[in-house]
Amino acid sequence: MIGKKAPVFKATAVVNGGDVVYDFSLAQFLGKKEVIFFFYPKDFTFVCPTELIAFQNALNEFEKRGVTVVACSTDTEETHVAWLNTPRNKGGILGITYPIVADVAKTIAANYEVLGGEWEYDQDGILQFSGIPVAYRGTFLIDKQGIIRHQSINDLSLGRNIHELLRIVDMWQHVQRFGEVCPVNWAQGQEGMQPTREGVASYLAKNMDR
């Protein structure tokens, strides 16, 4: 999906740690902010709360970069609210403030190609779901024009690295600001590379000529 428009949607979401809105859309950020839009499998599970809390802990870092964080799973808004009101020592995510979208119909996950299965007709013409009816750990960086610039998808048991997502944001913003490209293992404050033959030769000579 890289380089394509992020699929649009309007859905119910829980914002500010417990307020329910019924027409949430990423379109509100167009022209204003980049978005980290991430999917997780289910509320009240195991790896998921560690990820959502880690995003909250890093929220100031994303906001300093002008990036909005939005989560999404196929749970209902009522389940989101219940989980948000559950203390962390009971497996909850109390204190999360960024939006959590309720993709009950599973259409958002399907459109972003992270749903763990699909609907199929069997030999008797009966529509059945094949696979796992939850979202994989999909992560998308969407630019201010609504274009997907990064995507990654983890299996259910593999937690994300939030620091790596911040690095990806830094790379994208460096490219936009300076017109350079970012070489392997680039980190904020390091030298970029001019996207020319001369640029790569100069970079390799200084940094990788061993």
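Up top is the structure.
This section reports on the structure supplied with the text. Just so you know, these numbers come straight off a predicted model, no measurement behind them. (Residues numbered from 1 in each chain as written. Predicted model: local features only at pLDDT ≥ 70, side-chain atom pairs only at ≥ 80, totals over all residues. Heavy atoms only, no water.)

Summing up its helical and strand segments, the protein has six helices and nine strands in all. Based on the C-alpha atoms only, the size of the protein along its principal axes is roughly 60 × 45 × 35 Å. Of all intrachain contacts in the protein linking residues separated by at least 6 positions in sequence, the fraction that spans at least 24 positions is 61%. Carbon and sulfur atoms make up 51% of the accessible area of the protein, which amounts to about 11,300 Å² in all. Within the protein, one finds 20 positive and 24 negative side-chain charges whose respective centroids are separated by 8 Å. (Helix = DSSP H or I, 4+ residues; strand = E, 2+ residues; numbered from the N terminus. Contact = heavy atoms within 4.5 Å. Areas by Shrake-Rupley, 256 points an atom, 1.4 Å probe, with all protein chains shown as cover. Lys, Arg positive; Asp, Glu negative; His and termini not counted. Charge placed at Lys NZ, Arg CZ, Asp CG, Glu CD.)

The next point concerns a nonpolar patch on the surface. A contiguous nonpolar patch, built from Val-184, Val-200, Leu-204 and Met-208 and spanning about 320 Å² of accessible area, is present on the exposed surface. Its place among the elements puts Val-200 in helix 6 (residues 197–207). Among the residues examined, Val-200 registers a relative accessible area of 31% and is labelled partly exposed. (Patch = residues over 30% accessible without salt bridge, like charges linked within 9 Å, V, L, I, M, F, W, Y side chains within 5 Å. Salt bridge = Lys/Arg side-chain N within 4 Å of Asp/Glu carboxyl O. Buried < 20%, exposed > 50% of the residue type's maximum accessible area, 1.4 Å probe, protein only.)

With five of its five residues buried, strand 1 (residues 11–15) lies for the most part within the structure. Side-chain alternation along strand 1 places Ala-11, Ala-13 and Val-15 on one buried face and Thr-12 and Val-14 on a second face that is also buried. Here strand 1 runs beside strand 2 (residues 19–24); their pairing, made up of four bridges, is antiparallel. Residue pairing across strands places Ala-11 opposite Phe-24, the latter belonging to strand 2. In this antiparallel pair of consecutive strands, strand 1 and strand 2, the connection spans three residues, and Asn-16 shows a positive phi of 55°. The sheet contact formed by strand 1 and strand 5 (residues 100–102) spans two bridges and is antiparallel. Residue pairing in the sheet places Val-14 in a bridge with Ile-100 of strand 5. (Pairing = 2+ DSSP bridges.)

Moving on, we come to the state of the cysteines. What the rule picks out here adds up to zero disulfides. In this model Cys-48 remains outside any disulfide bridge; the closest cysteine sulfur is found in Cys-72, 12 Å from its own. Overall, the relative accessible area of 1% leaves Cys-48 in the buried class. (Disulfide = S-S within 2.5 Å.)

Moving on: the side chain of His-150. Secondary-structure assignment places His-150 in strand 9 (residues 148–154). Judged by its relative accessible area of 16%, His-150 is buried. Contact partners of His-150, with chain neighbours within four places excluded, come to Ile-2, Thr-139, Phe-140, Leu-141, Leu-165 and Ile-168.

Scanning the entire structure with this criterion turns up eight salt bridges. Across the pair Lys-64 and Glu-61 runs a salt bridge whose closest N-O atoms are separated by 3.2 Å. In this pair, Lys-64 and Glu-61 are both assigned in helix 2 (residues 59–64), three residues apart and thus about one turn of the helix distant. A relative accessible area of 62% places Lys-64 in the exposed class. Residue Arg-65 is joined to Glu-61 by a salt bridge in which the shortest nitrogen-to-oxygen separation is 2.9 Å. Note on Arg-65: relative accessible area 17%, which makes it buried. On the basis of relative accessibility, which here comes to 30%, the residue Glu-61 falls in the partly exposed class. Among the ionic contacts, a cluster of salt bridges with common partners joins Glu-61, Lys-64, Arg-65 and Asp-170.

By themselves, these observations are geometric and do not establish any function.
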